[in-house]
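# Coordinates in review
Listed here are the chains, written in short residue letters.
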Amino acid sequence: MALRRARSLSCLLAGLLLAAAGWGQPLPGTQVDPPNDRLQEKQRGSLKVSVAVPSAEETRQIFGVDLYADNVQPVWVEVVNGSDEFRFLTPMGMDPGYYSAREAMSRSRESGGESADEQLERRSINRVVVPPQSTRSGYIFTRVDEGTKSFNVDVVGGSEPYRMSFFVPVPGLKLDHYEVDLQGLYPADQRRELELPALVAALEQFPCCVRDASGEDRGDPLNLVLVGEISDLYYAFMRAGWDETETIYGSSLLKTAASAIGGERYRYSPVSALYVFGRPQDVALQRARSSINERNHLRIWLTPLVHEGKPVWIGQISRDIGVHFTWRTITTHKIDPDVDETREFLLEDMGYSQSLVQFGYVGGVGAAAYDEPRGNLTGDPYFTDGRRMVMWLSGSPTALDEIVPLDLSPYATGRIGD
């Protein structure tokens, strides 16, 4: 179904854009040099796509104005079409809310003069048609994403559509997961490839909950398992609107405090360290809502388990619904006590972002009744049915009607993790 829809879109765009292009009349070529040497390239047959994202400072040097301050982030794209067919670049795949060059100019609160306007106009990709045996390059103006810029470059036309996913680091943020050597966490002899029955049994033997730095006190339940490469996880979460988290340092603490006082969003707000396997989370992600006090956030840890060649991750997800005082950290976020609801929110989120392949549930957490809740490390109560949700994620789109629910109960051991 997903392929049929993609082909239908390809035919529709091909018809519209070929009409606009004059049915094959040659278009003037454009060639704009890349903004830096942080290029990423992908090639599929006769199609080659290269991308680069300038930092805020590089953007100012190129265009003469601070576009980042006006939520405009230019993305350089080059499409090399080595086929004998017309190809069409669809900017909406990169950002559904992208700006035209003139709109980017009008948003700027800082006048760069006529030369800056000319720079934006001249360097943009004004038309998305890529004729046969030609190269087009230039900027598409998107909304700002700091840390890692994740986007798709969709090229349609010809015999089949192409979708290429990119994750481009953007200098400026200190991201916590950049400090983790995922490849070096486990020696090869510690990694275990498990079939599904053995995987379920192993997952139910993992700890029920996170710990504090001393390894003594239990905290939030480990209610989440992800199966997939790190690139699959980044694609899934960033496609759905999740953001990375900054490390805790002076600047990030000041931004956190300012956001809390002003009731504003801080998309990359740090999260505190919680511990599993004797180490803090390997990756933390968050989905900002109306303010810093309201967000969904998760932490995940790489396990030594492998299933069908894919790494297995265990994690914790909860929803922040406010702030309260605590003797441990002075102030901390208050979580929604219904942690299962937040778990199910993630299931829906991954499904609607077309990143979910299959899912099921295992035990290992232990149930906590509504009238007899457990507490996390900062004293917030929570209740749960005691299950972990296991999700298989993919970088390739999966339609809602193609998601496979798995009944993992035949393999359950009934064990509650320590």
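Here is a short report on the structure shown in this document. Just so we're clear, the structure is a prediction, and the values are computed from it rather than from any experiment. Residue indices follow the written sequence of each chain, beginning from 1 at its first position. pLDDT decides what is reported in this predicted model: residues at 70 or higher carry local features, side-chain atom pairs at 80 or more are listed and counted, and totals for whole chains, interfaces and linings draw on all residues regardless. Derived side-chain values reflect all non-hydrogen atoms in the structure, with water molecules and hydrogen atoms excluded from consideration.

## Brief notes about the overall build of the chain
Going along the chain from the N terminus, every DSSP run of H or I of four or more residues is numbered as a helix, and every run of E of two or more is numbered as a strand. Secondary structure summary: the chain contains eight helices and 24 strands in total. The buried share among the 418 residues of the chain stands at 52%. Only heavy atoms enter the contact rule, under which two residues are in contact if any of them lie within 4.5 Å. Partitioning the contacts of the chain with sequence separation of at least 6, the portion at a separation of at least 24 is 70%. Here the accessible surface of atoms and residues is derived via Shrake-Rupley with a 1.4 Å probe, and residues count as covered only by protein chains that are part of the display. Working note: accessible area of the chain is about 19000 Å², and carbon and sulfur atoms make up 52% of it. Accessibility here uses a 1.4 Å probe with only protein chains present; expressed as a share of the type maximum, an area under 20% marks a residue as buried, one over 50% as exposed, and anything in between as partly exposed.

## With respect to the sheet that holds strand β7 (residues 147-156)
The strand order across the open sheet built from four strands is β5-β4-β7-β8, with neighbouring strands paired in antiparallel fashion. Here the strands that pair on one side only, and so sit at the sheet edges, are β5 (129-130) and β8 (162-170). Relative to β5, strand β4 (residues 87-90) runs antiparallel, the two being bridged by two bridges. Following the sheet pairing, Arg87 is matched in β5 by Val130. Under this scheme, a helix contributes an axis fitted over its contacting stretch, all axes are lines through C-alpha atoms, and angles between N-to-C directions fall in the 0 to 180 degree range. Strands in contact with helix α6 (residues 230-239) are β7 and β8; relative to β8, the strand with the most contacts, it is inclined by about 90°. Whether two strands pair comes down to DSSP finding at least two bridges between them.

## Examining the environment of Arg107
Take Arg107: it is sitting in helix α3 (residues 101-107). Looking at Arg107, the relative accessible area reads 34%, which means it is partly exposed. Between the alpha carbons of Arg107 and Ala69 there is a distance of 9.8 Å; along the sequence they are 38 residues apart. Once you skip the residues sitting within four places of it in the chain, Arg107 turns out to touch Asp70, Asn71, Val72 and Tyr99.

## Some words on α6
Most of α6 is tucked away, with seven of its 10 residues classed as buried. Every buried residue of α6 is listed here: Asp232, Leu233, Tyr234, Tyr235, Ala236, Phe237 and Met238. Note on α6: the residue one or two positions beyond its end, Gly241, has a positive phi of about 100°.

## Some points on the pairing of strand β2 (residues 47-52)
Of all six residues in β2, five are buried; the element is thus mostly enclosed. With five bridges connecting them, strand β1 (residues 40-44) and β2 associate as antiparallel partners. Across the sheet, the residue bridging to Gln40 is Val51, located in β2. In this structure, the hairpin formed by β1 and β2 is closed by a connection of two residues, where Gly45 is found at a positive phi of approximately 60°. Sheet topology note: the β2/strand β3 (residues 73-81) ladder contains six bridges and is antiparallel. Within the sheet, the bridge partner assigned to Lys48 lies in β3 and is Val80.

## A closer look at unusual backbone geometry
Not every positive phi belongs to a glycine, and Gln133 is a case in point at roughly 55°. Residue class for Gln133 comes out exposed when judged on its relative accessible area of 52%. Positive phi outside glycine occurs at Gln354, with the angle close to 60°. Mapped onto the elements of the fold, Gln354 is located in the loop between α8 (339-352) and β20 (356-362).

## Here's the deal with the pattern of salt bridges
A side chain of one charge can pair with a side chain of the opposite charge if their charged atoms are brought near each other. The salt bridge criterion pairs a side-chain nitrogen of Lys or Arg with a carboxyl oxygen of Asp or Glu, the two atoms within 4 Å. According to the stated counting rule, one finds 16 salt bridges in the structure shown. Among the salt bridges present, the one from Asp282 reaches Arg279, with a minimum N-O distance of 2.9 Å. Across the pair, exposure class does not vary: Asp282 and Arg279 are buried alike. One salt bridge connects Arg287 with Asp349, and the closest N-O pair in it is separated by 3.1 Å.

## Topic: the nonpolar core
In this description, a nonpolar core means a group of buried Ala, Val, Leu, Ile, Met, Phe, Trp, Tyr and Cys residues linked to one another through side-chain atoms lying within 4.5 Å. Core analysis: the biggest nonpolar cluster contains 28 residues, and Leu346, Met350 and Met391 have the highest contact counts within it. Where this core is concerned, the elements lending two or more residues are β12 (224-227), α6, β16 (283-288), β17 (295-307), β18 (310-326), α8, β20 and β23 (388-393). For this core, the element with the highest residue contribution is α6, accounting for five residues. Contacts of Met350, omitting those with residues within four sequence positions, involve Ala236, Phe237, Ala240, Trp242, Ser355, Leu356, Met391 and Leu393.

## Observations regarding the environment of Gly138
By secondary structure assignment, the location of Gly138 is in strand β6 (residues 134-142). With 13 residues separating them along the chain, Gly138 and Ile125 place their C-alpha atoms 5.0 Å apart. In this view, Gly138 contacts Val32, Val75, Trp76, Val77, Arg123 and Ile125; residues no more than four positions away in its chain are not counted.

## Overview of the packing of aromatic side chains
Think of it this way: a Phe, Tyr or Trp ring, Trp meaning its six-membered ring, pairs with another when their centres are within 6.5 Å, and the plane angle makes it stacked under 30 degrees, edge-to-face over 60, tilted otherwise. Applying the stated criterion across every chain yields a total of nine aromatic pairs. Pairing Tyr370 with Phe383 gives two aromatic rings, centres 5.0 Å apart and planes at 65°, and the pair type is edge-to-face. Taken together, the residues span a long stretch of sequence, with Tyr370 in the loop between β20 and β21 (374-375) and Phe383 in the loop between β22 (381-382) and β23 at a distance of 13 residues. According to the relative accessible area criterion, Tyr370 is exposed, its value standing at 67%. Joined through ring pairs, the aromatic side chains of Phe63, Tyr139 and Phe141 make up one cluster. Stacked on the ring of Tyr361, the Lys or Arg Arg387 has its end atom at 4.0 Å from the ring centre. Two conditions define a charge sitting above a ring: the NZ of Lys or the CZ of Arg must be within 6 Å of the ring centre, and it must be within 35 degrees of the ring normal.

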